Amino acid sequence: MRLNELKIGESGIIKKIYAKEPLKSKLLSMGITRGEKIKVLKHTLAKNTFDIEVGNSNIALREEEAKQIEVEKM
Amino acid sequence: MKEIKVALVGQPNVGKSHLINSISGATLHVGNFSGVTVEKKEVEFEREGIKLRLIDLPGTYSLHPYTPEERVTKEFLLKEEYDLILNVVDSNQLEKNLAFTWQIADIGKPMVVAFNMYDEYSKQGGEIDTDKFFKLTNIRAENVSAKEKFGLERLFSKVIKTYEEKNTPRVYYSEIVEEEIENLKEKIKECKFSKRFVAIRLIEDDEDIYKIIHEKPWYSELLDVLKAAKERLRVEYDEEDTKTIMFEERFALSKGVVTQIAKKARKETLTEKIDKILIHPILGLPIFLFIMWAIFQATFSLGSIPMDWIDASFGAFGEWVGGLLPDGFIKDAIVNGVIPAIGAVVMFLPNILILYLGINLMEQTGYMARAAYVMDGVLKRFGLQGRSFIPLVSGFGCSVPAYMAARTLKNPKDRLITMLIIGFMSCGARLPVYVLFVSAFFAPEIQGNVLFAIYIGGALTGLIVAKILRAVLFKGEPEPFVMELPKYRFPKIKAILFDLWIKTKMYLKKAGTFIAAASLIIWFLSSYPAHEKELQNIPGSEKQAYILEHSYLADIGKAINPIFEPLGFTWKETVSIIAGLAAKEVVVSTMAVLYHTPDSDETSKELVETIRKNISFPTAVAIILIIMFYSPCLAAMGTFWAEVPQWKWRLFYTIYPNVLAYLMALIGYNIALLFS
Ligand SMILES: Nc1nc2c(ncn2[C@@H]2O[C@H](COP(=O)(O)OP(=O)(O)OP(=O)(O)O)[C@@H](O)[C@H]2O)c(=O)[nH]1
Ligand SMILES: [Mg+2]
């Protein structure tokens, strides 16, 4: 499943990043890499923007970007 | 004296600029979100008889730059001369930060690591063993806190020592990667970078390095080896993209090193608790609007408290100076020109400081990034994205840094749209004009709200313009929005007061130099020619008015005035508005000169009264609307021109806000006429 399908409070393990360069490098360098645990902390009412936790950082990203991250629900 | 040129490199928001400030007493801009520093800055200081030249660079997540400001850092590292890299690391985010450390270690320059934010890390029970780190990587490191100012002296002793020993990092990847690096190194001949660095960058498809070695004679021989190397890595790592392989490689290395050098810290929970409320799915937006409202309300009501006091001081000062000087040209110029003008501008310093404090607190606490998150959905509807929010809010302070901050937007279209509407976010210098006119024409109970409405009105118009620009001139999707939300931090009171003091100094300096000079010119042009002959037949009390109405400035103003007549302007308003193109404070200082009646014991606060008597309400509305929308000051325009190379956009930017301002004022004026 994709990151945007996780509900608030749910976590997953990152499987693959489908984003194209240079976004892919950006995500990787922010710690969004294969095998890491990722958690959805919040999203806005319309589910447009997500607040996720990976490693020790919080990152805001849009649904479009979240869609490009393959996760396995924990 | 011996000199060491030190480049401060690290991921965004790790405290690079703060560290420089703490060691050298500089006043670089610091803020708790990523992308505060967007251009290279240099600061010097001395230790142990050595001059250290510190280069503050924009933070970058990796050596594969994403945004223009990240590119600045890479260009510096590849193209410029420096002796040593000081890599600043956020101790709270070791794994992620060290993955970048390994990338810059590849360059092969002498390097030192600063584990910054150690105050926070150790408070949560974390520890880092820097000796162990040195043993593992051959990089000297120190645990420091830029905020609490510890470890910094030791850090720079290590910098000097590393420089003297020419001590370079020894960071190795897994065996397979290292083997391929060795294979490639054999094919790499002369080049200004180390062979190892070139080999690694080629494996991870670094376009910039490709471009540089493309012309080398040995390039073609290398291609086969490179192809084989990448192929082997793909198979071994079961991943198509070798860049990704290197990212994962470094991340794994980080994890390994961290388990050996660090005692894990407890998780900080405060941020999550605060975020439960501040970025609540439903409450988030109302809370943001409330915060903005509160800032403008405070700007108005708290700011007006010291006004009378400043006003009285300038009045008394003017009289005192007047008493000292002999009658004549100089006395007139100073007492009737410069002092009332400066007084009128300085009177609004408290308002400006409060507004600045509000914006500064948003930046320092980490709320700015949250507001961007909350606003992202709204901005998206207008064809922008959350990241644009930060330059836009800085625009409420000053447009110059706001234009610079737009560098954090990757997509050139997003960047241009954002820059084209920054001017509609009324800057601090416009505040005095608003406060003056709002105090003169609105009931005290609603003045704060009117001010808020002016700012919101400007911002909304900006968003609508953005939407139109996006639909008409910049078709296409906005860039992806990905932004780190830093943990909440609370700046020291002392640091905040110091910022305010710096701001005060700058404002007073501007009032004492630029504004003083401008008002001197205005005074001269409005007091001459003297018309000695005509004045003989005019009674004493009307002499002054006669001179003013027949001055050079009146001639100029009256020549232009037909354009502004539909707005009910007299030549005095016309001149003030046009003078405001130089700087917005000049609008107020010019009015202070033109409406000043000498020899009365009038003071600046009475400027409010004079304005009320001389200007009609509809004209006041028109003036406010023009100030809201027309071109910003010369300094801001210069910055835009420097940042945007295309002539068509420069021209567009220079013309369209003025057309818009005029139309808005025309509409506003006529609506106000209906009601009054
Ligand atoms: N607690 C704590 N906070 C710090 C320390 N150093 C910096 N900060 C805070 O961290 C935030 C980021 O500091 P900056 O100096 O702007 O970071 P930077 O690395 O220059 O960031 P960019 O210019 O965006 O790359 C600010 O809020 C600082 O006050 C530290 O040692 N301890
Ligand atoms: Mg900085």
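Remember, it's a predicted structure, so these values are computed and weren't measured experimentally. (Residues numbered from 1 in each chain as written. Chains lettered and ligands numbered in written order. Predicted model: local features only at pLDDT ≥ 70, side-chain atom pairs only at ≥ 80, totals over all residues. Heavy atoms only, no water.)

Q: I'd like to hear about the packing of helix α8 (residues 195-203) of chain B against helix α11 (residues 242-261) of chain B, residue by residue, with values.
A: All names here are of chain B. It is at 8 Å that the axes of α8 and α11 come closest, and there the two elements cross at 120°. Judged by the inter-axis angle, α8 sits oblique to α11. Facing α8, whose interface residues are I200, R201 and I203, α11 presents T242, M246 and R250. Looking at side-chain class alone, the contact of α8 with α11 contains three nonpolar, one polar and two charged residues. (Axes fitted to C-alpha atoms, helices over the stretch in contact; angles between N-to-C directions. Helix = DSSP H or I, 4+ residues; strand = E, 2+ residues; numbered from the N terminus. Parallel < 35°, antiparallel > 145°, perpendicular 65-115°, else oblique. Contact = heavy atoms within 4.5 Å. Nonpolar A, V, L, I, M, F, W, Y, C, P; charged D, E, K, R; others polar.)

Q: How would you summarise the sheet that holds strand β4 (residues 84-90) of chain B if you had to cite specific residues and measurements?
A: Residues and elements named next belong to chain B. Pairing within the open sheet is mixed, and its six strands lie in the order β2-β3-β1-β4-β5-β7. The two strands at the open ends of the sheet, each matched to only one other strand, are β2 (41-47) and β7 (140-143). Each adjacent strand pair in this sheet contributes to an overall mean axis angle of 25°, direction not counted. Judged from the seven bridges that link them, β2 and strand β3 (residues 50-56) form a sheet pairing that is antiparallel. Looking across to β3, one finds that F45 is bridged to L52. Those strands touched by helix α2 (residues 68-79) are β1 (2-10), β3 and β4, and its axis lies near 140° from that of β1. (Pairing = 2+ DSSP bridges.)

Q: Before we move on, could you go through the site of ligand 1 and cite the residues and values that matter?
A: Residues and elements named next belong to chain B. Lining the immediate environment of ligand 1, one finds 25 residues, of which K16, S17, H18, T37 and A146 sit closest. Contact distances for ligand 1 include 2.7 Å between an oxygen atom and a side-chain N or O atom of K16. A distance of 2.7 Å separates an oxygen atom of ligand 1 from a polar atom in the side chain of T37. Isolated, ligand 1 exposes 650 Å² of accessible area, and the fraction of that covered by the protein chains is 98%. Elements with a minimum of two residues in the shell around ligand 1: α1 (16-24) and α4 (118-123). (Near = heavy atom within 4 Å. Polar contact = N/O pair within 3.5 Å; in protein donor to acceptor, adjacent residues only side chain to side chain. Areas by Shrake-Rupley, 256 points an atom, 1.4 Å probe, with all protein chains shown as cover.)

Q: Break down the domain arrangement of chain B for me, with residues and values.
A: Residue and element names in this part refer to chain B. Here the domain parsing of chain B yields domain 1 (3-165), domain 2 (175-237), domain 3 (285-476) and domain 4 (517-675). With centres defined by C-alpha atoms, the gap from domain 3 to domain 4 works out at 20 Å. With 51 residues of domain 3 in contact, the opposing surface of domain 4 contributes 49 residues. On the domain 3 side of the interface with domain 4, the three residues burying the most area are R430, F437 and F441, jointly 14% of the side's total. Across the domain 3-domain 4 interface, the total number found is two salt bridges. Here E643 makes a salt bridge to R415, at a shortest N to O gap of 3.0 Å. If you look at where domain 3 meets domain 4, you find seven residue pairs in polar contact (both at pLDDT 80 or more). Secondary structure elements with two or more residues in the side of domain 3 that touches domain 4: α14 (307-324), α15 (329-346), α19 (399-405), α20 (412-422), α21 (431-441) and α22 (447-472). Sorting elements by how many residues they give to the side of domain 3 that touches domain 4 places α15 first, with twelve residues. In the side of domain 3 that touches domain 4, the residues fall into 33 nonpolar, eleven polar and seven charged. (Domains from an automatic or database assignment. Buried area = accessible area lost by both parts, 1.4 Å probe. Salt bridge = Lys/Arg side-chain N within 4 Å of Asp/Glu carboxyl O.)

Q: Let's hear about the interface of chain A and chain B: which residues, and what values?
A: Every contact between the two is made by 34 residues of chain A and, on the other side, 42 residues of chain B. At the boundary of chain A with chain B, total buried surface from both sides reaches about 3400 Å², with 55% on carbon and sulfur atoms. Looking only at chain A, the three residues that lose the most surface to chain B are K26(A), R34(A) and R62(A), adding up to 19% of its buried area. Our enumeration of links across chain A and chain B arrives at seven salt bridges. Close ionic contact of K380(B) with E64(A) constitutes a salt bridge, the shortest N to O distance being 2.9 Å. Across the contact surface, chain A and chain B share 16 residue pairs in polar contact (both at pLDDT 80 or more). Secondary-structure elements contributing two or more residues to the side of chain A that touches chain B are α1 (23-29), β2 (37-43), β3 (49-54), β4 (57-62) and α2 (63-66) of chain A. By residue number, the principal contributor to the side of chain A that touches chain B is α1(A), which donates seven residues. Split into classes, the residues belonging to the side of chain A that touches chain B amount to eleven nonpolar, eleven polar and twelve charged. Pairing of β4(A) with strand β9 (residues 482-485) of chain B, which is carried by four bridges, proceeds in the antiparallel orientation.

Q: Can you lay out the coordination of the magnesium ion (ligand 2) for me, pointing to particular residues and giving the numbers?
A: All names here are of chain B. The magnesium ion (ligand 2) binds to the protein through S17 (OG) and T37 (OG1); the donor distances cover 1.9 to 2.1 Å. Of this pair, S17 sits in helix α1 while T37 sits in the loop between α1 and β2; the two residues are 20 residues apart in sequence, bridging distant segments of the chain. The exposure class assigned to T37 is buried, which follows from its relative accessible area of 14%. (Donors = N, O, S within 2.8 Å, 3.2 Å for Na, K, Ca; no water. Buried < 20%, exposed > 50% of the residue type's maximum accessible area, 1.4 Å probe, protein only.)

Q: Before we move on, can you summarise the pairing of β4(A) with the specific residues and values?
A: Residues and elements named next belong to chain A. Judged by how many residues are buried, β4 sits mostly within the fold: six of six residues are covered. Burial along β4 is two-sided: the face carrying S57, I59 and L61 and the face carrying N58, A60 and R62 are both buried. Sheet analysis places β3 next to β4, joined by six bridges and oriented antiparallel. Counterpart to V54 in the pairing with β4 is S57.

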